Amino acid sequence: MNEWGNPVSLQPISQNNGPCSIGWTNRLRRPPKRPRCNAAAYTTSSPSCSPLGHSTELQPTLTPREASPRPVRRENPGNQVISAREIYEAICSGKTATVTVVDDWLDSYKQDQKAGLLVLVNFIVQCCGCKGVVTREMFDNMKNADIIRTLTKEFNEDSANYPLCSPGLQWKRFREALCEFMSSLVRSCQFSLLYDEYLFSSVLALLTGLSDSQVRAFRHTSTLLAMKLMTAVVEVSVVLSVQLHTSQRRYNVESSKQVQDRATDRLEELQAVISELQEHREELSSLASSVFHGMFVHRYRDHVAEIRAVCIKELGLWLKESPEDFLSDSYLKYLGWTLHDKHSTVRLHCVQALQGLYEEKDLTGRLELFTSRFKGRMLEMVLDKDPDVALEVVHLLFLVQQRTEEGLGEEECASVYSLVFASHRGLASAAGAFLYNKYAETEVVRPKAAFLSILISFFLQSEFHEHGAYLVDSLWAVAGSELRDWETMTSLLLQESGEGPGLTYQEEGILLELMVCAIRQAVEATPPAGRAQSKRSIKDKRIQVQDKRRITSHFIPSLPQLLTKYSADVEKVNLLLSAPLFFDLDAYSSAGWLEKHLDLLLTQVCSIVEKHTEAGVLKASARLASTLCSESYTFSTRANLVFSQLLDGLTECFNSYVNDVLEGTADEDDTYRAATALKKIAAFSSARDLTGYRLFEPCLQLLKSGLESSDLDKELMVSALTCAAFHLLWDRVAVTRSSPTEVLALHHRCLEMKCLKKRLRSFCNMCQSCLTSYQAEIRDRSFELLCDLLLIYGVGAVRSEPSLHPLAHPPSDTLRSEMAAFVLDYIFTDPEDVNPADEELEKEEVKINSLQRKRNQLAGYCKLVLYGVLELMAATDVFKHYSKFYKDFGDIIKETLSKSRLISPVQSAKTVCLCLQQLFSEMMEPCTRKELGELRDLAKRLAMSFGIDLHRVREPLVALHMDGVRFAFRAPENRQVPPPNMTFLVILSEFSFKLLRQDRTQLTEFLKKECPSAALSWPPVAMYQRSLQTSSLSRSREEGAAEERSSHLSPRSTPVAKSRRLTPRGSCSSSSSITRTLSDSSSIPSNLPTPVFTSTVVKQQRPQQSSSHLEASDSEDSRATSASEDEFSNGGCQLRRVKANLCRKPSVGVSGSTSHQHELDSHFTLLSLIEEEKMEEEDARDDEEPEIEDLDSDQDPGDNGPSSGQHTSTSFLEDLF
């Protein structure tokens, strides 16, 4: 009896007591078995391979451990036994065929069964990654509990990895070869040794014992081998069933003959064969039942997801290969339960196993009860958090829809239809195929017009009218021919109302959107935003060229007609103007008859510009005009002439009204005409150089007049800002392109640059004044244009061109303050500041547009910081909102943090500390626990942004801590009171877990130097000291990367932002304290030794250590300590210290005496076996349905296995077990 109460031995499993009698005995002896008739037909001539018909006890002769650390060859007369090491190396290398290795081992086994079985046992142990060897002395004299404990002690592995879980292609091939070895072994023995009740019973006994071990490597490897053995046995059983059916049919045919025609010898022979086959099949069934009830029912709910996945994957094969034996509710229920598994890999294998069953039409009738029971769960899994699982579930539901009689209802299918808009391209394509086949199954041949009508109806009901590109991309693989039917689409759009049942106004808009999306998909072959690009073959590229040619030839004559029909519709015109961008525009000049269509297109575009004032239509028209006027086309001169005439008319219209507007004599109509003309000019100025019209001065005068009077038209002001800004940008392009050599030309260029610099200064001053405008459109547009101009005319932008240095325009201090105030007041807007009544009136679309505008503005401001236009410390206004606005702007702020750390690591860390100091100074005195908690949460998030390479961030972190300590102990005016900023040390402690041991020591000394002696006992100081003294991260590491020490930037003072939000106290830090360099004594080595790391540990009673940790003053102290313990160094895996009370059950049977402790300490650090539950509880739990939790995360469940959930909770031990 072992320490769990189970009888254990490496002896064969008795087949006479049923499947549940799997147990090991120390010295198992069987009575002689009655010889089977005609056994010679299925055995070899070797006496060692015949069924056991003697009472001789077959015990394997094991090599003693003292002789050699490896199994040694044993010389036999005339041959040599293959060793376990040779088998292992052959499987690892893959150079030798698996069948050859199996045959060599069988030859040695036939010569000596004891030695051959010992070789196989040690091969299995070695495949587990264990260095121990099972010897004959161990087998004869030790109980199996002691054998397993000895193997565990000799595990001697340097990491938690073992062959099956090791990364790399070599170990992946090893896994495949190991599975093939077990399958080949069963196939090679299917006529003889499979039925001798010795070899495979012994192997199964070994695998059953190892599968019950606490060591993950033993449990995983033995489960994989046992499941593969079971699969091979099922395959052999299926072959026997076919042979049995054939023999029975022959026997029936022979027995149905007349008595005088019967062959008695033939009947007796067939009867003997049938009896033999039935006996063999019963034995295989008993063996399979033993594996299932002895291993599967325990390991399918193991703590390790890989083990559960192996069981479910092989169960699917058993159900499909032998449905007569396994396809019943008693086996199918395990697949249904596993659909709720927490790990995505297990769920994926479960769904794939069900796919194999539903693919067989003959099996669907037997799956009706399962389908009715678990169909709801399948429908829920289409929203699985793992897209690969959801993809396979959609395929499974498609099979359920096709194979079963009931299928899926319309409401059930609707949950799959919506996935065509998913971001995962594979999942969306699968949902598209489901949708297409659902509507195509009613008719074999469906007109394309009818399909388009169905598609329009679906898109209209889905209410995703701005996501047509996603629907087209999802259906492109299955409905590409229908979506490429340009003729049908155009005929439906151009169809008049009296010609037949046409489309409604809304349906025409949807069809037009789908058509333009299909044109883009065919020409560019790029998925919409958020979906991955798939690889394209040469054939796909050839089809793409053909599609572009077909689209061009069809739409060149059709597009003017469509523009004429829908010229008054803003949305439709906007879509149609984007279609020519996908044409092969060279076709206009390839044939003379196509030139008239070009003239019609140009005329239509000009007419649309004159008719519409919407920004989207004007932007699309300007983009098309820029493309048509490109010098790469021969017709560009004609297009330039047409659009020049259009702009001349618009400029003339604007100039005719601008003077009246400036003088204030213009009426509303004149102001509207001037604003409309300028808006169209501004739209075209983004695509064409309009500096020749000299509109900068009139626009500047309009801005001055608008700011003075405060009653100028809003659209006129926004258009004037845009037009003047693009005028400056085109001037910058012209100056860059010109390279005069003559003296006169150089003088002229200097005058132009002085004039340009003057214009730039005037415009920036005007935009700065607009930042305080009460009209949001003017204020937002001014900020966006300022960000662009300051970046283009920044010092860094002209640094590479000395001739452009006079154009550099750094922002003034007042401008920096105004921009910082804009960021605080209009980008980081608190939800509480919004009026509830206004929020109800604000539509969802307006909220989305507002958020997108704010994101663009924040990105423009952050670019100014990263490109050196603004000093790095100006980012404090951004970093301080990292936690509060993480949902809306977290990605932008995180990228800014990352890029700033590349520019100047130390200065970036000082900026992080400064933003925390500012927030701390803004808090009311005294600060509440809630305010302090929010600030600590921000500090935690900022600390995590430093990454895991602690060597790289050593110097920045030390600088951050030094600045924080100086700020905390800044002397108050009244030196009799404690420093008011001392509580800042609580916030600073959130960064301590990133420090290395040398830095902790250095900062401890620095703290004692800066802190008054009486303050060391104050709670904030004591807490900060504990964070520095925490030893959980004082771990050694391997050779790290070389330290990156960037040069310190020359600091510039940050102007105080003109914001109502900032109310700093008198103790607020100044910029000078942040820009101090590190102390010269901070000499920090970069390489640390790495301790030896073992994969096993003895769970034993340890002497109580002296208390080295002080009690935390509050709950936050302990939380900071736990955060420090969770961090791992980059040099290598380290085992965290775990208190004794974290273990769920104490170890038993391990002596705590000094002698035994000394004996264990002389070995490697080991893993002892943990107490197993009682046998009665184990048997009762096998028969009941396990509780399976809902899938909320992909982490392994804590207690899934009957014997695998009793171990400690440290992360490394979870990897090992």
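Computed from a prediction, not measured in an experiment: that's the story for all the values here.

## Focus on the overall build of the protein chain
When its secondary structure is counted, the protein chain shows 49 helices and 2 strands. Relative to its 1217 residues, the protein chain shows a buried fraction of 51%. For the protein chain, the proportion of contacts with a sequence separation of at least 24, taken over those separated by at least 6, is 78%.

## Description of the nonpolar core
Counting residues in hydrophobic clusters, the biggest one holds 317 residues, and the most contacted among them are F123, F296, L335 and F763. With 14 residues, helix α8 (residues 216–255) is the largest single contributor of residues to this core. Other than its neighbours up to four places away in sequence, F296 contacts M227, V291, C311, I312, L315, W318 and Y334.

## Concerning unusual backbone geometry
Located in the positive-phi region is A525, a residue other than glycine, with phi close to 55°. Position of A525 among the secondary structure elements: in the loop between α22 (505–524) and α23 (538–565). Look at A525 and you get buried, because its relative accessible area is 17%. Positive phi outside glycine occurs at R694, with the angle close to 50°. Considering the arrangement of structural elements, one finds R694 in the loop between α29 (668–685) and α30 (696–709).

## Topic: helix α12 (residues 329–338)
Of all 10 residues in α12, 7 are buried, a share of seventy percent or more. Y331, L332, Y334, L335, G336, W337 and T338 are the residues of α12 that are buried.

## Examining the pattern of salt bridges
For the structure on display, the rule yields 36 salt bridges. Residues R816 and D813 are paired through a salt bridge, measuring 2.8 Å at the closest nitrogen-oxygen approach. Residue R816 and its partner D813 are located together in helix α34 (residues 813–827), separated by 3 residues, close to a single helical turn. Residue classification places R816 among the buried residues on the basis of a relative accessible area of 10%. The exposure class of D813 is partly exposed, given its relative accessible area of 45%. A salt bridge links D963 to R966, with the nearest nitrogen and oxygen atoms 3.1 Å apart.

## Regarding the packing of helix α3 (residues 113–127) against helix α6 (residues 169–188)
For any two helices packed against each other, the geometry comes down to the angle between their axes and how far apart the axes lie. Between α3 and α6, whose axes approach to 13 Å, the crossing angle comes to 155°. Judged on the interaxial angle alone, α6 and α3 are roughly antiparallel. Both α3 and α6 take part in a crossing whose hand is left-handed. Here α3 contributes L120, F123 and C127 to the contact with α6, which in turn contributes F174, L178, F181 and L185. Classifying every residue of the contact of α3 with α6 by side-chain character gives 7 nonpolar, no polar and no charged.

## Focus on the environment of T772
One can find T772 in the loop between α32 (743–770) and α33 (776–792). Between the C-alpha atom of T772 and that of F822, which follows or precedes it by 50 residues, the distance is 8.4 Å. In this structure the side chain of T772 is engaged in a polar contact, spanning 3.0 Å, whose partner is the backbone oxygen of S769.

## Examining the confidence of the model for the protein chain
Detailed conclusions should not be drawn from predicted coordinates in areas where pLDDT is low. Taken over all residues, the pLDDT of the protein chain has a mean of 76, while the share at 70 or more is 74%. Scored below 50 in pLDDT, residues 1031–1217 makes 363 contacts in the model with residues more than four places away or belonging to other chains.

## Some points on helix α14 (residues 368–380)
In this model α14 runs 19 Å from its N-terminal to its C-terminal C-alpha over 13 residues, within 8% of the 18 Å that 1.5 Å per residue would give. Helix geometry: α14 is bent most strongly at F374, by close to 55°. Here α14 has its buried residues at F370, T371, F374, K375, R377, M378 and L379. Contact partners of the buried residues in α14: α12, α13 (344–358), α15 (387–403) and α16 (410–417).

## A closer look at the packing of helix α26 (residues 595–611) against helix α27 (residues 615–628)
Where α26 contacts α27, the two axes come as close as 10 Å, and the packing angle between them is 150°. Judged by the angle between their axes, α26 and α27 are roughly antiparallel. Crossing hand, α26 versus α27: left-handed. Of the residues in α27, those touching α26 at L601, L602, V605, I608 and V609 are V617, L618, S621, L624 and L628. Taken together, the residues of the contact of α26 with α27 break down into 9 nonpolar, 1 polar and no charged.

## Some remarks on the packing of aromatic side chains
For the structure on display, the rule yields 38 aromatic pairs. Between Y633 and F635 the ring centres are 5.3 Å apart and the planes differ by 10°, which places this aromatic pair in the stacked class. The pair Y633 / F635 is uniform in exposure class, with both members buried. These aromatic residues form a ring-pair network of at least three members: F292, F296, Y300, W318, F326, Y331, Y334 and W337.

## Structural notes on the environment of F984
Relative to the helices and strands, F984 is located in helix α42 (residues 984–988). With a relative accessible area of 1%, F984 lands in the buried category. Separated by 36 residues in sequence, F984 and P1020 place their C-alpha atoms 7.9 Å apart. Non-local contacts of F984, meaning those with residues more than four positions away in its chain, are made with C913, L916, Q917, F920, G964, F967 and A968.

## Notes on the environment of M182
With respect to the helices and strands, the residue M182 is situated in helix α6. The class of M182 is buried, set by a relative accessible area of 2%. Along the sequence, M182 and L224 sit 42 residues apart, while their C-alpha atoms lie 9.8 Å from each other.

## A closer look at the side chain of S989
Here S989 shows up in the loop between α42 and α43 (997–1010). The contact partners of S989, leaving out residues within four places of it in the chain, are R936, M1023, Y1024 and S1027.

Thresholds applied
Sequence order as written defines the numbering, with residues in each chain counted from 1. Thresholds applied to this predicted model are a pLDDT of at least 70 for local features of residues and 80 or more for the giving and counting of side-chain atom pairs; totals over whole chains, interfaces and linings are not thresholded and use all residues. For side-chain calculations, the full set of non-hydrogen atoms in the structure is used, while hydrogens and water are omitted. Only DSSP runs of H or I covering at least 4 residues are called helices, and only runs of E covering at least 2 are called strands; the numbering of each starts at the N terminus. For the exposure calls, accessible area comes from a 1.4 Å probe over protein chains only, and a residue counts as buried if that area is under 20% of its type's maximum, exposed if over 50%, partly exposed in between. What makes two residues a contact is simply this: any of their non-hydrogen atoms within 4.5 Å. The term nonpolar core refers to a set of buried residues drawn from Ala, Val, Leu, Ile, Met, Phe, Trp, Tyr and Cys, joined through side-chain atoms within 4.5 Å. By definition here, a salt bridge exists when the distance from a side-chain nitrogen of Lys or Arg to a carboxyl oxygen of Asp or Glu is within 4 Å. Comment: axis = line fitted to C-alpha atoms, over the contacting stretch for helices; angle = value between 0 and 180 degrees taken between N-to-C directions. Orientation categories follow fixed angle ranges, with anything under 35 degrees roughly parallel, anything over 145 roughly antiparallel, 65 to 115 roughly perpendicular, and all other angles oblique. It is the rotation of the near helix from the far one that decides the hand of a crossing: anticlockwise by less than a right angle makes it left-handed, clockwise makes it right-handed. Think of it as three bins: nonpolar holds Ala, Val, Leu, Ile, Met, Phe, Trp, Tyr, Cys and Pro, charged holds Asp, Glu, Lys and Arg, and polar takes everything else, Gly as well. Residues adjacent in sequence count toward polar contacts only when both atoms are side-chain atoms; beyond that, a polar contact is any pair of N or O atoms within 3.5 Å, and within protein one must be able to donate a hydrogen and the other to accept it. pLDDT: the predictor's confidence for each residue, scored from 0 to 100. Here the expected span of a helix is defined as 1.5 Å times the quantity of residues minus one. Bend at a given residue is defined as the angle between two axes, one fitted to the seven residues that end at that position and one fitted to the seven that begin there. Between the rings of Phe, Tyr and Trp (Trp by its six-membered ring), a pair exists once the centres lie within 6.5 Å; its type follows the angle of the planes, with under 30 degrees stacked, over 60 edge-to-face, and the other angles tilted.

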